[in-house]
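Secondary and tertiary structure notes
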2 protein chains.
Amino acid sequence: MQTLLKGINQEVIISPEHPTAIIGERINPTGRKVFSAELEAGDLSRIARDAQAQVDAGAVILDVNVGAARVDEVQMLPEAVRIVQDTVDVPISIDSSNPEALKAALKVYKGRALINSVNGEKERLTQVLPLVAEYGAAVIALCMGDDGIPETAEQRLAIAQNILEAAQAVGVPPEDILFDPLAMTISVNHRAAQVTIDTAHAIRGELGTNMTIGASNTSHGMPDRQLLNTVFLAGFIQAGVNAPICNPLTNTLAVRAIDLMQGLDEWGMRYIQTYRKLQASQS
Amino acid sequence: MQTLLKGINQEVIISPEHPTAIIGERINPTGRKVFSAELEAGDLSRIARDAQAQVDAGAVILDVNVGAARVDEVQMLPEAVRIVQDTVDVPISIDSSNPEALKAALKVYKGRALINSVNGEKERLTQVLPLVAEYGAAVIALCMGDDGIPETAEQRLAIAQNILEAAQAVGVPPEDILFDPLAMTISVNHRAAQVTIDTAHAIRGELGTNMTIGASNTSHGMPDRQLLNTVFLAGFIQAGVNAPICNPLTNTLAVRAIDLMQGLDEWGMRYIQTYRKLQASQS
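Residues numbered from 1 in each chain as written. Chains lettered and ligands numbered in written order. Predicted model: local features only at pLDDT ≥ 70, side-chain atom pairs only at ≥ 80, totals over all residues. Heavy atoms only, no water.

Another aspect to go through is the interface of chain B and chain A. The interface of chain B with chain A comprises 35 residues on the first partner and 35 residues on the second. Of the roughly 2,900 Å² buried between chain B and chain A on both sides combined, carbon and sulfur atoms contribute 72%. Considering only the surface of chain B that becomes buried against chain A, His190(B), Gln238(B) and Met261(B) emerge as the three largest contributors, covering 22% of it. Counting every contact that joins chain B to chain A gives zero salt bridges. The tally of links between chain B and chain A comes to six residue pairs in polar contact (both at pLDDT 80 or more). (Contact = heavy atoms within 4.5 Å. Buried area = accessible area lost by both parts, 1.4 Å probe. Salt bridge = Lys/Arg side-chain N within 4 Å of Asp/Glu carboxyl O. Polar contact = N/O pair within 3.5 Å; in protein donor to acceptor, adjacent residues only side chain to side chain.)

The next thing to look at is the sheet that holds strand β6 (residues 114–119) of chain A. Residue and element names in this part refer to chain A. A barrel is described by the order of its strands in space; here eight strands give the closed sequence β3-β4-β5-β6-β7-β8-β9-β10, paired in parallel fashion. Direction aside, the axes of adjacent strands within the sheet are offset by 30° on average. Both strand β8 (residues 177–180) and strand β9 (residues 210–214) contribute to a ladder of two bridges, which runs parallel. Residue pairing across strands places Phe 179 opposite Met 211, the latter belonging to β9. In this fold helix α5 (residues 122–134) packs onto β6 and β7 (138–142), with an angle of close to 155° to the strand it touches most, β6. Taken strand by strand, helix α6 (residues 153–169) contacts β6, β7 and β8, and its axis lies near 160° from that of β8. (Pairing = 2+ DSSP bridges. Helix = DSSP H or I, 4+ residues; strand = E, 2+ residues; numbered from the N terminus. Axes fitted to C-alpha atoms, helices over the stretch in contact; angles between N-to-C directions.)

Turning next to the nonpolar core. Grouped together as the largest cluster of nonpolar side chains are 160 residues, with contacts concentrated most on Ile94(A), Phe179(A), Ile94(B) and Phe179(B). With residues near it in sequence (within four places) discarded, Phe179(A) still touches Ala141(A), Cys143(A), Ala160(A), Ile163(A), Leu164(A), Ile203(A), Leu207(A), Thr209(A), Asn210(A), Met211(A) and Thr212(A). (Core = buried A, V, L, I, M, F, W, Y, C linked by side-chain atoms within 4.5 Å. Buried < 20%, exposed > 50% of the residue type's maximum accessible area, 1.4 Å probe, protein only.)

Another aspect to go through is the sheet that holds strand β9 (residues 210–214) of chain B. All names here are of chain B. Ordered in space as β3-β4-β5-β6-β7-β8-β9-β10, the eight strands form a closed barrel in which the pairing is parallel. Adjacent strand axes in the sheet meet at a mean angle of 30° when their direction is disregarded. Strands in contact with helix α4 (residues 99–108) are β5 (92–95) and β6 (114–119); relative to β5, the strand with the most contacts, it is inclined by about 150°. Across the sheet, helix α6 (residues 153–169) lies against β6, β7 (138–142) and β8 (177–180), angled at about 160° from β8, the strand it touches most.

This part is about the relation of the copies chain B and chain A. The transform that puts chain B on chain A rotates by 180° and translates by 0.0 Å along the axis, for an RMSD of 0.0 Å. Expressed as a symmetry operation, the mapping of one chain copy onto the other fits a two-fold axis. (Least-squares fit on C-alpha atoms with pLDDT ≥ 70 in both.)

Take the packing of aromatic side chains next. Residues and elements named next belong to chain B. On inspection of all chains with the given rule, the structure shows two aromatic pairs over all chains. The interplanar angle of 40° and the centroid separation of 6.2 Å between the aromatic rings of Phe 232 and Phe 236 together place this pair among those described as tilted. Taken together, the positions of Phe 232 and Phe 236, both in helix α8 (residues 225–238) and four residues apart, correspond to about one turn of that helix. (Phe/Tyr/Trp six-rings, centres within 6.5 Å; stacked < 30°, edge-to-face > 60°.)

Our next topic: the state of the cysteines. Residue and element names in this part refer to chain A. Under the counting rule described, the total for this entry stands at zero disulfides over all chains. The thiol sulfur of Cys 246 is not disulfide-bonded, and the nearest other cysteine sulfur, from Cys 143, lies at 19 Å. Assessed through its relative accessible area of 1%, Cys 246 is described here as buried. (Disulfide = S-S within 2.5 Å.)

Across the junction of Asn116(A) and Ser117(A), the peptide omega takes the value 10°, indicating a cis bond. Topologically, Ser117(A) is positioned in strand β6. Backbone geometry places Leu182(A), a non-glycine residue, at a positive phi of 70°. Counting through the fold element by element, Leu182(A) comes out in the loop between β8 and α7 (192–206). The phi angle at Asp224(B) is positive, at roughly 50°, despite the residue not being glycine. Along the chain, Asp224(B) falls in the loop between β9 and α8.

Turning our eyes to something else, we now look at the environment of Asn9(A). All names here are of chain A. Mapping Asn 9 onto the fold places it in the loop between β1 (3–6) and β2 (11–14). Residue Asn 9 is classed as exposed on the basis of its relative accessible area of 78%. In this structure, the C-alpha to C-alpha distance between Asn 9 and Val 90, residues 81 residues apart in sequence, is 8.2 Å.

A word on the side chain of Thr196(B). All names here are of chain B. Note on placement: Thr 196 falls in helix α7 (residues 192–206). On the basis of relative accessibility, which here comes to 1%, the residue Thr 196 falls in the buried class. Polar side-chain contacts of Thr 196 include one of 2.9 Å to the backbone oxygen of Leu 182. In this view, Thr 196 contacts Arg 156, Pro 181, Leu 182, Ala 183, Met 184, Ile 213 and Phe 236; residues no more than four positions away in its chain are not counted.

This part takes up the packing of helix α2 (residues 45–56) of chain A against helix α3 (residues 73–87) of chain A. Residue and element names in this part refer to chain A. Look at α2 against α3: their axes get within 9 Å of each other, and the N-to-C directions meet at 45°. Judged by the inter-axis angle, α2 sits oblique to α3. Remark: the crossing between α2 and α3 carries right-handed chirality. Of the residues in α3, those touching α2 at Ile 47, Ala 48, Ala 51 and Gln 52 are Ala 80, Ile 83, Val 84 and Thr 87. In the contact of α2 with α3, the residues fall into six nonpolar, two polar and no charged. (Parallel < 35°, antiparallel > 145°, perpendicular 65-115°, else oblique. Left-handed = near helix turned anticlockwise from the far one by under 90°. Nonpolar A, V, L, I, M, F, W, Y, C, P; charged D, E, K, R; others polar.)

Along the chain, Arg156(B) turns up in helix α6. If near-sequence neighbours (up to four positions away) are discounted, Arg156(B) is found in contact with Cys143(B), Ile149(B), Pro150(B), Glu151(B), Pro181(B), Leu182(B), Met184(B), Val195(B), Thr196(B) and Thr199(B).

Our focus in this paragraph is the pairing of strand β3 (residues 23–27) of chain B. Residue and element names in this part refer to chain B. With three bridges connecting them, β3 and strand β4 (residues 61–64) associate as parallel partners. By the bridge assignment for β4, Ile 23 is matched with Ile 61. Pairing between β3 and strand β10 (residues 243–246): two bridges, direction parallel. By the bridge assignment, Gly 24 is partnered in β10 with Cys 246.

What follows concerns helix α10 (residues 269–282) of chain B. For α10(B), spanning 14 residues, the distance from its first C-alpha to its last is 20 Å, which sits close to the expected 20 Å at 1.5 Å a residue. Inspection of α10(B) places Tyr271(B), Ile272(B) and Thr274(B) among the buried residues, and these make up the whole buried set. Mapping the buried residues of α10(B) onto a view down its axis gives an arc of 160°, with all of them on the same face. For α10(B), the exposed residues set more than 90 degrees away from the buried face come down to Arg276(B), Lys277(B), Ala280(B) and Ser281(B). Residues of α10(B) that are buried sit in contact with α8 (225–238) of chain A together with α9 (248–261) of chain B. (Expected span 1.5 Å × (residues − 1). Arc of directions from axis to C-beta.)

A few words on the side chain of Ser216(A). Residues and elements named next belong to chain A. Along the chain, Ser 216 turns up in the loop between β9 and α8. On the basis of relative accessible area, Ser 216 is assigned to the buried category, the value being 15%. Those residues within four positions of Ser 216 in sequence are excluded, and the remaining contacts are Glu 25, Arg 225, Asn 229 and Cys 246.

Spelled out as structure tokens, the structure:
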């Protein structure tokens, strides 16, 4: 199954046969105080820099989220999308909890966007799926519903199936959905990552769709998060996640190593090139 | 399925429900010029140091191999086993291509040893399996046969099935066999690790036995071998390998991270303890 995204003169295909597609997570005020304050003051200057740096580091899609406390996303999200598309050619994952902001950003977006996100909540499905259909976009679908985040892989799969049916009812095909099996924090629940892996296996086996994941939070509160993120990315990607949302500045070489392990990197050329580029940028 | 090994006053159970059992690889002259020269000169002083260091770093089984060029293994292997058992309590993986040396070492070994190794070659099966039965040991079985190392997972599984039958014919049950799905060098064949993973999945699914692997060579010839070894260990262990042979001085924290990912480390206590110990030893 292939998910096609388009930026300006640049297409990205997400599929099990393609190299893992890194969605750069950095353009997001969550946990970034300085960026938050800048957005609240109407200063968007960091966005172009972050876009370029992430693409240089190996991101092939960029998530764009401007959801800080005192920000009018309906006004600012399209502006941020425009800045990113003026800077780099890669497709964008338009990220907001506000459907009006999503719509405003989709109006200015050039190409075939990814919408981040829908989930199994009835209200959210009703608000977001029509936008996906109307703008011919693809969408990230979180495996959670009106009762929150289920504890078991079976329950998360059931929500994914519901979302799949609701999407098909409005004309959005399975290949345009990236399910997120949800990675919770391991320091809170030591079974969290295994549930994510089981969910990913179930989705890959039962639905066959492509998948994303927000992998970074899993290691929160633990020492040597870099090692944990590498190991968890290996586990999630091996279970079928092929478009993780992560920080390309710190995780690209690990993702290339995982692709090499999966036989997706002939002669290891992408891994070796990434390594050399990283060495050059650090020297 | 549980594989039970015994050292002096110390038992190790290998099973999918237990933490991954690290078999320390260091007591082996392959690729260690100084150690090779010492063994050839009859100097075994390094063995006790290497045994202690590996157990301190997290190994729960130690591989012992003295196969240097001008070494009489029949004489030296039992001596090395005695030194290791005088130093640490953990079980030993007695490692030699010489069946006479294996036998001599088994005679002096106290406990329930692991024999490294048998494979699908008729001669080797005939030589080694009777020793496994006679000494009530467990055995590592490499998934290769009279025609060398097969390229596909199906062929490697077929060899594993043959070995399993030959073992049962002499009274060695499946739980006393650790299959090695074989990790070849990725810089020579970029599909090598995926074949290993497919083989491990097939063995776990079809035979249900425990597994080992010599993981370190996979990254040979590639940059950032530490990262690759971490990623490959994650892939192999997730596919069912639960007693990898590796260097505990550099890989234990990664293995604990993988166990944490697999939900095998309540509250992440083993991971955090390993991290703290590593910090303390480096400061």
